[in-house]
Amino acid sequence: MAVWARQVSRWCCLLNTARAVEFPGRLRSRGPRACRVFAPAAALPAAEELVPCGLRPYSHGAVGSCSPPDGAKGGSFSSPESNLPPVQQEQAKAEILPDLNAKILDEGWDDIPPSSALEVISEEEAVQIIAEPLLPLQSSTLRDYVDHSETLAKLVHLGVDLSQVEKRQKAGQLLLTLDFEKDIKKILLFLKDVGIEDNQLGQFLTKNPYILGEDLESLETRVAYLKSKKFGQSEIAQMVSRAPYLLLFSVERLDNRLGFFKNELGLSVKKTKDLVIRLPRLLTGKLEPVKENLQVCQIELGFQRNEIQQIVFKTPKILTASKKRLKQTFDYLHNIMGIPHHMLTRFPQVFNSKLLRIKERHMFLAFLGRAQYDPAQPSYISLDQLVSLPDEVFCTEIAKASMKDFENFLKTL
């Protein structure tokens, strides 16, 4: 029985080999019990020889016994190749045993283990590995991230000054979280549609990088609101360019700001619109300084409400000027030079001039005996000529003196 068991094991091995030859792609390792003997289909025994003992059909002389085939006497199995000449036997063996190193066999194995981080590699392979520089976990400057961030690199190419951006609160963190193609490109196209020129984009984003994190639909809604208030395309472009934070304000805040200046100054809709076009930062700045300056003009400087309207409409910057400087300039013009309120109302731009310049020129004219500011008197000098003309023109046309005389006089002060 032991001999017959060994023979049945060999038949099973041959059967597995036949299947491997017929379906080579399905051959895979199944542990220590896998059969790795290859043989062509012609070398397999007949079908009835593969039938296990006890299932073979009855035949004379075989009842109750399981005898091995003739070629298996003595515990050996004789294959058909043994009956061939020696040369043909060698050829058959070459056909039976394929090259285990062939590429086609590698493609048949579908249980190839994945590469491991612990896999040993050669020195040549190790040299070819390029390690990317580590991204700093924390830094006080965006310069350390430019080489790692496509977004920052493209913003620099546009002309954005990252050294100024990083000074703004949380602006650097915002840029590092944005994707240029997904988040920033659409905002740039929107700004160009608004009227920002290509050569202005870098300067604009340097002043207001936060607009890159705004929702595009919200930005479009704010522009639509300005258009509904009869602001033209060029006027909107001018306002956005001069007040970069304008589009960060919601429609409600913009509407409240316009209403404040209209009601507080008593201006018409058209004059209110002209006022914010000339100084759009009135819509984005704080309102407390504006309220305080209006009170200073009315209570401390003594201007009437209608005079304040004229002053503000002609010179909007007076609303954001320093209160101290405003009071000092008025005191010198009104109390030292003797300029009445109605003359200051006609030439309110004098409040935008440096007080030192007003003093130097007035004192030089007084030294020459030409300090005459009454329009009803001869040799009248308007406040506009006093403060707006260059020194050379002021000396030759207003003071009727040379530039050297003016310089020598300044040395005596």
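- Going by an unreviewed UniProt entry, the protein chain carries the name Transcription termination factor 3, mitochondrial and comes from Sylvia atricapilla.
- If you open the UniProt record of the protein chain and go to Sequence similarities (unreviewed entry), you find "Belongs to the mTERF family."
- UniProt's Subcellular location (unreviewed entry) comment on the protein chain is quoted here verbatim: "Mitochondrion".

1. Quick look at the overall build of the protein chain
Thinking step 1. The number of helices and strands found in the protein chain is 21 helices and zero strands.
Thinking step 2. A total of 413 residues make up the protein chain; the buried ones form 31% of that total.
Thinking step 3. Nonlocal contacts in the protein chain, meaning residues at least 24 apart in sequence, comprise 68% of its contacts between residues at least 6 apart.
Thinking step 4. In the form shown here, the protein chain has an accessible surface area of approximately 26500 Å², with 53% of it arising from carbon and sulfur atoms.

2. What to know about a negative patch on the surface
Thinking step 1. Judged by side-chain charge, Asp193, Asp215, Glu217 and Glu220 come together as a negatively charged surface patch.
Thinking step 2. With respect to the helices and strands, aspartate 215 occurs in the loop between helix H9 (198-207) and helix H10 (216-228).

3. Here we look at the packing of H10 against helix H12 (residues 251-265)
Thinking step 1. Running from N to C, H10 and H12 point in directions that differ by 30°, and their axes come no closer than 10 Å. By the angle class used here, H10 and H12 are roughly parallel. Where H10 crosses over H12, the handedness of that crossing is right-handed. Counted together, Thr221, Arg222 and Tyr225 of H10 and Val251, Leu254, Asp255 and Leu258 of H12 form the full contact between these two elements.
Thinking step 2. Here the contact of H10 with H12 is composed, by residue class, of four nonpolar, one polar and two charged.

4. Describing unusual backbone geometry
Thinking step 1. Its identity as a non-glycine residue notwithstanding, serine 379 has a phi of 60°, on the positive side.
Thinking step 2. Inspection of the secondary structure puts serine 379 in the loop between helix H18 (355-368) and helix H19 (383-388).
Thinking step 3. Note on serine 379: relative accessible area 46%, which makes it partly exposed.
Thinking step 4. Even without a glycine there, the phi angle at lysine 400 is positive, about 55°.
Thinking step 5. Within the secondary structure, lysine 400 is located in the loop between helix H20 (391-398) and helix H21 (403-411).
Thinking step 6. Given the relative accessible area of 56%, lysine 400 is considered exposed.

5. Section: the packing of H12 against helix H14 (residues 288-300)
Thinking step 1. At a closest axis distance of 12 Å, the pairing of H12 and H14 adopts a crossing angle of 5°. In terms of orientation, H12 lies roughly parallel with respect to H14. Touching Phe260, Phe261, Glu264 and Leu265 of H12 are Val290, Lys291 and Leu294, all from H14.

6. Observations regarding the nonpolar core
Thinking step 1. Within the largest apolar cluster, 46 residues are counted, with the highest numbers of intra-cluster contacts made by Phe261, Leu319, Leu344 and Phe394.
Thinking step 2. Leaving out residues up to four positions away in the same chain, phenylalanine 261 has contacts with Gly266, Leu267, Thr272, Leu275, Leu282, Leu287, Val290 and Leu319.
Thinking step 3. Of all hydrophobic cores here, the second largest spans 39 residues; its members include Leu155, Val160, Leu178 and Phe180.

7. Quick notes on the pattern of salt bridges
Thinking step 1. Taken as a whole and judged by the stated rule, the model has ten salt bridges.
Thinking step 2. Across the salt bridge formed by glutamate 150 and lysine 154, the nearest N and O atoms sit 2.9 Å from each other. Here glutamate 150 pairs with lysine 154, and both are found in helix H5 (residues 150-158), just four residues apart, close to one helical turn.
Thinking step 3. In this structure lysine 154 comes out as partly exposed when scored by relative accessible area, which is 28%.
Thinking step 4. Residues glutamate 300 and lysine 327 are paired through a salt bridge, measuring 3.5 Å at the closest nitrogen-oxygen approach. Separated by 27 residues along the polypeptide, glutamate 300 in helix H14 and lysine 327 in helix H16 (residues 323-336) bring together distant segments of the chain.

8. A word on the environment of valine 240
Thinking step 1. Residue position: valine 240 is located in helix H11 (residues 233-242).
Thinking step 2. Placed 40 residues apart in sequence, valine 240 and proline 280 show a C-alpha to C-alpha distance of 7.9 Å.
Thinking step 3. Beyond its immediate sequence surroundings of up to four residues, valine 240 is in contact with Val194, Ile196, Phe204, Leu246 and Leu247.

9. Thoughts on the packing of aromatic side chains
Thinking step 1. In this structure the tally under the stated criterion is seven aromatic pairs.
Thinking step 2. Taking 5.7 Å as the distance between ring centres and 65° as the angle between the ring planes, the aromatic pair formed by phenylalanine 303 and phenylalanine 330 counts as edge-to-face. Note that phenylalanine 303 is positioned in the loop between H14 and helix H15 (305-314) and phenylalanine 330 in helix H16, a separation of 27 residues in sequence. Residues phenylalanine 303 and phenylalanine 330 agree in their burial class; the two are buried.
Thinking step 3. Linked through ring pairs, Phe364, Phe367, Phe394, Phe406 and Phe409 together constitute an aromatic cluster.
Thinking step 4. For the cation-ring pair, arginine 361 lies above phenylalanine 394, with the distance from its terminal atom to the ring centre recorded as 4.6 Å.

10. Overview of the confidence of the model for the protein chain
Thinking step 1. Considering every residue of the protein chain, the mean pLDDT works out to 78; 67% of them sit at 70 or more.
Thinking step 2. Residue range residues 20-81 is modelled with pLDDT below 50. Its contacts to residues more than four positions away, or to other chains, number 59 contacts.
Thinking step 3. Throughout residues 102-110 the model reports pLDDT below 50, and contacts reaching past four residues in sequence, or to other chains, amount to ten contacts.

11. A closer look at the side chain of arginine 222
Thinking step 1. Relative to the helices and strands, arginine 222 is located in helix H10.
Thinking step 2. Within the structure, arginine 222 has its side chain in polar contact with the backbone oxygen of leucine 247 (distance 2.5 Å).
Thinking step 3. Apart from the residues within four sequence positions on either side, arginine 222 is in contact with Glu214, Leu247, Leu248, Phe249, Ser250 and Val251.

What counts, and where the lines are drawn
Residues numbered from 1 in each chain as written. Predicted model: local features only at pLDDT ≥ 70, side-chain atom pairs only at ≥ 80, totals over all residues. Heavy atoms only, no water. UniProt positions renumbered as here; feature names shortened; annotations may be inferred. Helix = DSSP H or I, 4+ residues; strand = E, 2+ residues; numbered from the N terminus. Buried < 20%, exposed > 50% of the residue type's maximum accessible area, 1.4 Å probe, protein only. Contact = heavy atoms within 4.5 Å. Areas by Shrake-Rupley, 256 points an atom, 1.4 Å probe, with all protein chains shown as cover. Patch = residues over 30% accessible without salt bridge, like charges linked within 9 Å, V, L, I, M, F, W, Y side chains within 5 Å. Salt bridge = Lys/Arg side-chain N within 4 Å of Asp/Glu carboxyl O. Lys, Arg positive; Asp, Glu negative; His and termini not counted. Charge placed at Lys NZ, Arg CZ, Asp CG, Glu CD. Axes fitted to C-alpha atoms, helices over the stretch in contact; angles between N-to-C directions. Parallel < 35°, antiparallel > 145°, perpendicular 65-115°, else oblique. Left-handed = near helix turned anticlockwise from the far one by under 90°. Nonpolar A, V, L, I, M, F, W, Y, C, P; charged D, E, K, R; others polar. Core = buried A, V, L, I, M, F, W, Y, C linked by side-chain atoms within 4.5 Å. Phe/Tyr/Trp six-rings, centres within 6.5 Å; stacked < 30°, edge-to-face > 60°. Lys NZ or Arg CZ within 6 Å of the ring centre and 35° of its normal. pLDDT = per-residue confidence, 0-100. Polar contact = N/O pair within 3.5 Å; in protein donor to acceptor, adjacent residues only side chain to side chain.

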